[in-house]
Amino acid sequence: MLWRVGTRRLDGVRSQVSAAEGHVIDELLAGRLGRREFLRRATVLGMSIPLAGGILAACSGAVPGEAPAGAVGPQQAGGTLRNAVNTPTAAINPVTVADNGGLVTMCQTGEYLAYTDASTGLRPVLAEKWAPDATGKIWTFDIRQGVTFHNGAPLTAADVVATFNRLADPANGSNALSVFKGVLSKGGARAQGNQVVFTLDRPNVNFPYLASSQNYNAIILPASYDPTKYTTDFMGTGPFTFSSYTPGVGAAFVKNPTYWDTSRPPFLDRVELKYYSDLPPQVVALQGNEVDVVSGISYSAGRGLFTDPNFTALYVPSSYTRQLSMRCDQAPFTDPRVRQALALALDRPAALKGLLDDKGDLGDDSPFGPTQPATDKTVPQRAQDLAKAKQLLSAAGLAAGFDATIAAPRVQEIPDLAVTLQNAAKEVGVRLALNIQAPNDYYGNATFGASPWLDSQMSLVDYGHRSVPDVIANASLRSDGVWNAAHYKSPAYDALFDDYTSQLDVQKQKDAVGKMQRLLLDDTPIIVPYFLNWLGATKKSVQGVNLNPTGQLDVSRASIA
Amino acid sequence: MTAVSLGGPPRLADPGPPPRRLLRRLLRPVVLFVINLLLLSALVFFGAEVLPGNIGRLLLGRTADPRSVDVLNHELGTDRPIVVRYLSFLDGLLHGDLGTSLALRQPNSDLLGAALLNSVKLAALAFVIVVPLALLGGVVAALRRDTWVDRTIIGIGVALTVLPEFVTGLILILVLSLGLKLFPVTATPPPGSGALTQLYYLVLPALPLVIVLFGYLAKLARAGTITALDSDYHRTAVLKGLPGRVIVTRHVLRNALLPTVSVLGTQAGYLIGGLVVVEILFNYRGIGSLIFMAAQSKDIPLLEVGVLTVGVAYMLLSALSDVVAGLLDPRVRSR
Amino acid sequence: MTPDVTRAVRVGPRPIGLVVGAVILAIWVICAIGGEHLVQDPYVGDSFATLAPPSAQHWLGTDRLGRDVFARVVVGARSILLVAPAATLIGTVIGTALGLVAGYAAGIVDDIISRLIAVVLSVPVVIVALLALVALGPSNFTVIGVIGFIFSAPIARTVRAAVRVERDKDYVEAARLRREPGVLILVSEILPNVLGPVLTEATVRLGYAVFFIATLSFLGFGIQPPSPDWGLAIYENYTLIRASAWPVIVPAVAIASLVVSVHLVAEGLVRRSER
């Protein structure tokens, strides 16, 4: 039994694992990896959770359980769980889905190769295990045997191959294309017996994340998938099967009596989703006993719930964040001292408290969040320093302040954050005007020259949760980044980023990220005030609802009394 | 009585039509109606074209790859010139095809039919509640003319009429639903509910509409009643010694009802506007929230049929209310 | 939409209505003008005292950002008292011009204008305004423009009807015989004689402008944050109503009082002018 091994016997474990896994164990032993980070690292390399847990136990004595959030007592089988969900804004199609409502609907029946769990890293689902080759360019996933789709057809490697090649094919309008760009091209997946072999465009140590629920489009579908028929059967492998779907009104799913994972069978008989066009009515619906669960809500919309003793609040730390970009190519922001001065004017703990009641983590003006494994936590946290900010402005010849405009979308608390930034800037004599726009106007075409988001002098934007920082750190800050709203061009940053992505070595990755974090503190092209918790709430009688900051709502282990 | 019907078909003043003029008189509203619809459809279609963003980008989100956006726009046909799209939409209409929603990829007719039915249910309930209430209020106010009863009824009515539906709706939710827990907070009953359950879910959302309409209708009923009370035939009836109850029901009520019915058409337009707010507030899937959603997601075909439906409903209701008023009024009938 | 609460029947508020309405309206006008000078800062909040109940420091409590509700409701009077009259004014000017031209010119010009008016009127104001604001992007200016544009339709219709009556009167005929240009006849002869209905219509429209602008704010298509606008404040705070009702109830009462007062004043003025 692995979890009985002592620290000294870990060397024995080492002989059973790959070089990369061994390296992770070394990092753990050297004290450079925390427990959570170790789990994330180990599972991404394909180490099973019991094995990783065993190693951890060997080191410290405790095994991290897989207790779902909000489970506090014995759970009761049966019953119907009613969930408030955003009305899907587009056709229900896993390949193209980009909205939370559509995703929550599909993930009731659909499953992924692996599930990105908020606390324990990757949990194998339809893939039993996976492993990279020595370079990280070729990844082999073992497809779980004995799994059937809801129509009785067995899940095969061919289904998985079809799913990924469909997502990587530009002809399908796939929404995963931006994730797979430079990583996986059409034809990059092929079947080999029960295994699927992914040949990547270039080595990527984080590929398992990109094949997991983190890449929310990657729901495993039958090879015969037809998008026009999907809403008639929601064909998948998951713990619930399709019962009904009424566009714009809701959907219902029932327990799958032949669910493959007999170790975690669903408790609920029935899951109902009710669609709401906006967050506030969802909160009112929970208060009015129309639904049992709300998820993915903003703090400002759900605030009344978090102090109400009738409900259980759910918070999941995430890398869901806001970025304020300052155009590094436009005066006065061409001077890094000016950008730093604004960053120093902000009282972050007060902003986090006031806007989110501390349901989040402080940001440090880089996209690397505390939940992401490669983030270097020894980088100092930037704090408010008005004297220094004024001094920097004087040094930049702007002692009298200046005028500028923040453009921002009307999304959740972002307008409030803009007001907070406006008030902070006032403290150092900078006069900021606000230009709050409807999200569609604001994002525009999402290309340079046709998007207030990317073109404005100062712009605020929201970035969803990512388990690994690669996409955001690349697109929003690299010189050629497609979302580089700050128009930040730093060869030093570009080189560090390339260094980071080419590293398979944990410590070297972390070193590169640490250097990027320090560089960004000096240059301050963006202000990242905080990372938000992913929020939800349930009635007191509900247990085991598992929120995922990527957007899925996992009620497979939920119960209602 | 001078209720001005806004948007109703123009009333023709020329009496005593010879046959050819009669034909013109019958045809003219139909022709105008069609022209109105064409204008409206063109305005919405081309107006919606300047809505920001493109639908592919909107549906796939800000972080999607531009190639995917292009593919989707091509699939949806939104990369064709607008005139082509408009003509093909009109062509579809002529063949009874309402088109397909770009965002939801469902036939517009399905979406629209369900939404329209829901809205009609809600509006009908509001009318069923408000008309008797307003008639009662108006007649009572007229019979107690210039007393405190009159002033209270009409004063409260006017004050309520001018309050936006979201204010009254919010207060109703707060008091009746969250506070006293008498009604559910949303208007959508669980799937498969019976008629009574549906009705129960609709009462609260109907109330803001009732409140907005009450003061206006009560005032009209009051005025109609007063006209009747002051009229010659009322005096005659009193002289004939008919009992008061009979007078009220036979003469007065008819006169109170007349203006009320004749403005229902214009009020229906008002009601539809109010429906947008109420449907959003109560999360009800009606025509108002459908249009709201379609406008937000730049779903032009759906938006187009939604707005056209409202326009048609409005014009038809105006015409209908004229007819009904004609049937009710012996003076109009005799002409 | 129907302006005719007042016109249909002349009952209801006595002169006392006019007085009460004028007093309430005057209070809000003072708030709108005085704004920030009368109260504490409505924009800066105390992050550590959000949704606080009323206290000596915050008479009506604080909102979700710890901003003073009283200060915000006072300063919030400004946006609506600027936007609503401005929209009404624009609507009145455009509508009067259109109505004059349509009524006087008759023929094809009249037909075109009348059709356009009918089309705008066949769709509820809220829906037309929503469409236009989605297209143009919400801001104070677009709200003024859109509401003004929509309101010009019913005003034009009223004016057109009035002009058609005046057109055939002797004084117009006389002016025509004097070979005065059409524009001059319209402006100097006909306009003064239709000014009565124009002003009546405009005062009634003002009440509806407040109504619709508040509604648009509530739907998120009106005045934008961080404005302390009332409709916006309700939209922003209404889910928090269980935690604290003050940030919602106070602006709701403000809207109600303003709308009612504008109607009382409008009705009072119309009655007086008709005596």
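A quick note: this is a predicted structure, and the numbers were derived from the prediction, not measured.

Novice: Tell me about the overall build of chain C, residues and numbers included.
Specialist: Secondary structure summary: chain C contains 10 helices and zero strands in total. The order of α-helices and β-strands along chain C, N terminus first, is α-α-α-α-α-α-α-α-α-α. Its C-alpha atoms give chain C principal-axis dimensions of roughly 75 × 45 × 30 Å. Counting across all 275 residues of chain C, residues that qualify as buried make up 57%. If you take every contact in chain C between residues at least 6 apart in sequence, the share linking residues at least 24 apart comes to 73%.

Novice: Can you tell me about the sheet that holds strand E6 (residues 189-192) of chain A, naming the residues and giving the values?
Specialist: Strand pairing in a sheet takes place through backbone hydrogen bonds and is either antiparallel or parallel in direction. Residue and element names in this part refer to chain A. Taken in spatial order, the four strands of this open sheet run E4-E5-E7-E6, and their pairing is antiparallel. The open sheet terminates on both sides in strands that have one partner only, identified here as strand E4 (127-132) and E6. Neighbour-to-neighbour, the strand axes of the sheet open up by a mean angle of 20°, direction not taken into account. Across five bridges, strand E5 (residues 138-143) lies against strand E7 (residues 195-199) in antiparallel orientation. What sits directly across from Phe-141, in E7, is Val-196.

Novice: Residue-level account of the interface of chain B and chain A, with values.
Specialist: Contacts between chain B and chain A engage 37 residues on the former and 34 residues on the latter. Residue assignment for the side of chain B that touches chain A shows that the elements contributing at least two residues are helix H2 (55-60), helix H3 (66-76), helix H7 (165-179) and helix H12 (287-296) of chain B. For the side of chain B that touches chain A, the leading source of residues is H3 of chain B, giving six residues. Within the side of chain B that touches chain A, the residues separate by chemical class into 18 nonpolar, 12 polar and seven charged.

Novice: Run through the pairing of E4 of chain A, naming residues and quoting values.
Specialist: Strand residues, when the strand is regular, have side chains that alternate between the two faces of the sheet. Residues and elements named next belong to chain A. In the sheet, E4 pairs with E5 via five bridges, with the strands oriented antiparallel. Note that in E5 the partner of Ala-127 across the bridge is Ile-143. Connecting the antiparallel pair E4 and E5 is a turn made up of five residues, with Gly-136 showing a positive phi of about 85°.

Novice: Report on the pairing of strand E1 (residues 80-86) of chain A, specifying residues and quantitative values.
Specialist: Residues and elements named next belong to chain A. With respect to burial, E1 is a largely interior element, six of its seven residues being buried. Summarising the sheet, E1 and strand E10 (residues 270-276) pair through seven bridges and their orientation is parallel. Each residue of the ladder has a partner; that of Leu-81, found in E10, is Val-271. In this structure, E1 lies alongside strand E11 (residues 293-297), joined through two bridges in parallel fashion.

Novice: Which residues make up the packing of helix H3 (residues 69-105) of chain C against helix H8 (residues 182-219) of chain C, and what values do they have?
Specialist: Residues and elements named next belong to chain C. Viewed as axis vectors pointing N to C, H3 and H8 meet at an angle of 145°, and their least axial separation amounts to 7 Å. Crossing handedness for the pair H3 and H8: right-handed. Along its contact with H3, which presents Ile-80, Val-83, Ala-84, Pro-85, Ala-87, Thr-88, Gly-91, Thr-92, Thr-96, Leu-100 and Tyr-104, the element H8 presents Gly-182, Leu-186, Ile-190, Leu-191, Val-198, Ala-202, Arg-205, Leu-206, Ala-209, Val-210, Ile-213 and Ala-214.

Novice: Mind laying out the nonpolar core, listing which residues take part and the relevant values?
Specialist: Residues Ala-129, Leu-130, Ile-147, Val-210 and Ile-213 of chain C are the most contacted members of the largest nonpolar core, which totals 344 residues. Here this core takes 20 residues from helix H8 (residues 195-230) of chain B, the largest share from any one element. With residues up to four places along the chain from it excluded, the contact list for Leu-130 of chain C reads Phe-292 and Ala-295 of chain B together with Leu-219 and Phe-221 of chain C.

Novice: Can you break down helix H6 (residues 157-168) of chain A residue by residue, with the values?
Specialist: Residue and element names in this part refer to chain A. If you check H6, its first and last C-alpha atoms are 17 Å apart, about what 12 residues at 1.5 Å a residue would give, namely 16 Å. The element H6 is extensively covered by neighbouring structure, given that nine of its 12 residues are classed as buried. Taken residue by residue, H6 has Ala-157, Asp-159, Val-160, Val-161, Thr-163, Phe-164, Arg-166, Leu-167 and Ala-168 as its buried positions. Of the surrounding elements, those touching the buried residues of H6 are E5, helix H7 (177-180), E6 and E7.

Novice: So, the environment of Pro-301 of chain B: which residues are in play, and what are the values?
Specialist: Residue and element names in this part refer to chain B. Of note, Pro-301 is situated in helix H13 (residues 300-328). Looking at Pro-301, the number of C-beta atoms within 10 Å reads 23, which means it is buried. It is 7.1 Å that separates the C-alpha atoms of Pro-301 and Leu-102, two residues lying 199 residues apart in sequence. Beyond its immediate sequence surroundings of up to four residues, Pro-301 is in contact with Phe-89, Gly-99, Thr-100, Ser-101, Leu-102 and Asn-108.

Novice: Please provide a residue-by-residue account of unusual backbone geometry, values included.
Specialist: Leaving glycine aside, a negative phi is the common case for residues, and trans is the common case for peptide bonds. Looking along the chain, the bond that leaves Ala-331 of chain A and enters Pro-332 of chain A is cis, with omega of 0°. One non-glycine residue, Gln-412 of chain A, adopts positive backbone phi at about 45°. The residue Gln-412 of chain A is located in the loop between strand E14 (403-409) and helix H15 (414-427) in this model. Although it is not a glycine, Arg-179 of chain C adopts a positive phi angle of roughly 60°.

Novice: Describe the packing of H8 of chain C against helix H9 (residues 230-237) of chain C, and please don't skip the residues or the numbers.
Specialist: Residue and element names in this part refer to chain C. Running from amino to carboxyl end, H8 crosses H9 at an angle of 30°, the nearest separation of the two axes being 7 Å. The angle between H8 and H9 places the two elements in the roughly parallel class. Relative to H9, the crossing made by H8 is right-handed. Only Trp-230, Gly-231, Leu-232, Ile-234 and Tyr-235 of H9 make contact with H8, whose side of the interface consists of Ala-214, Thr-215, Ser-217 and Phe-218.

Novice: Which residues make up the environment of Thr-203 of chain C, and what are the values?
Specialist: Residue and element names in this part refer to chain C. Relative to the helices and strands, Thr-203 is located in helix H8. When the C-alpha positions of Thr-203 and Trp-246 are compared, they lie 31 Å apart, and in sequence the two are 43 residues distant. If near-sequence neighbours (up to four positions away) are discounted, Thr-203 is found in contact with Ala-266, Leu-269 and Val-270.

Novice: Go over the confidence of the model for chain B, please, and point to the residues and values.
Specialist: Chain-level statistics for chain B give a pLDDT mean of 78 and a share of 79% at 70 or above. Segment residues 1-16 of chain B: pLDDT under 50, and 38 contacts once partners within four positions in sequence are set aside and those in other chains are kept.

Criteria and cut-off values
Residues numbered from 1 in each chain as written. Chains lettered and ligands numbered in written order. Predicted model: local features only at pLDDT ≥ 70, side-chain atom pairs only at ≥ 80, totals over all residues. Helix = DSSP H or I, 4+ residues; strand = E, 2+ residues; numbered from the N terminus. Buried ≥ 20, exposed ≤ 12 C-beta atoms within 10 Å, placed from the backbone. Contact = placed C-beta atoms within 7 Å. Pairing = 2+ DSSP bridges. Axes fitted to C-alpha atoms, helices over the stretch in contact; angles between N-to-C directions. Nonpolar A, V, L, I, M, F, W, Y, C, P; charged D, E, K, R; others polar. Left-handed = near helix turned anticlockwise from the far one by under 90°. Core = buried A, V, L, I, M, F, W, Y, C linked by C-beta atoms within 7 Å. Expected span 1.5 Å × (residues − 1). Parallel < 35°, antiparallel > 145°, perpendicular 65-115°, else oblique. pLDDT = per-residue confidence, 0-100.

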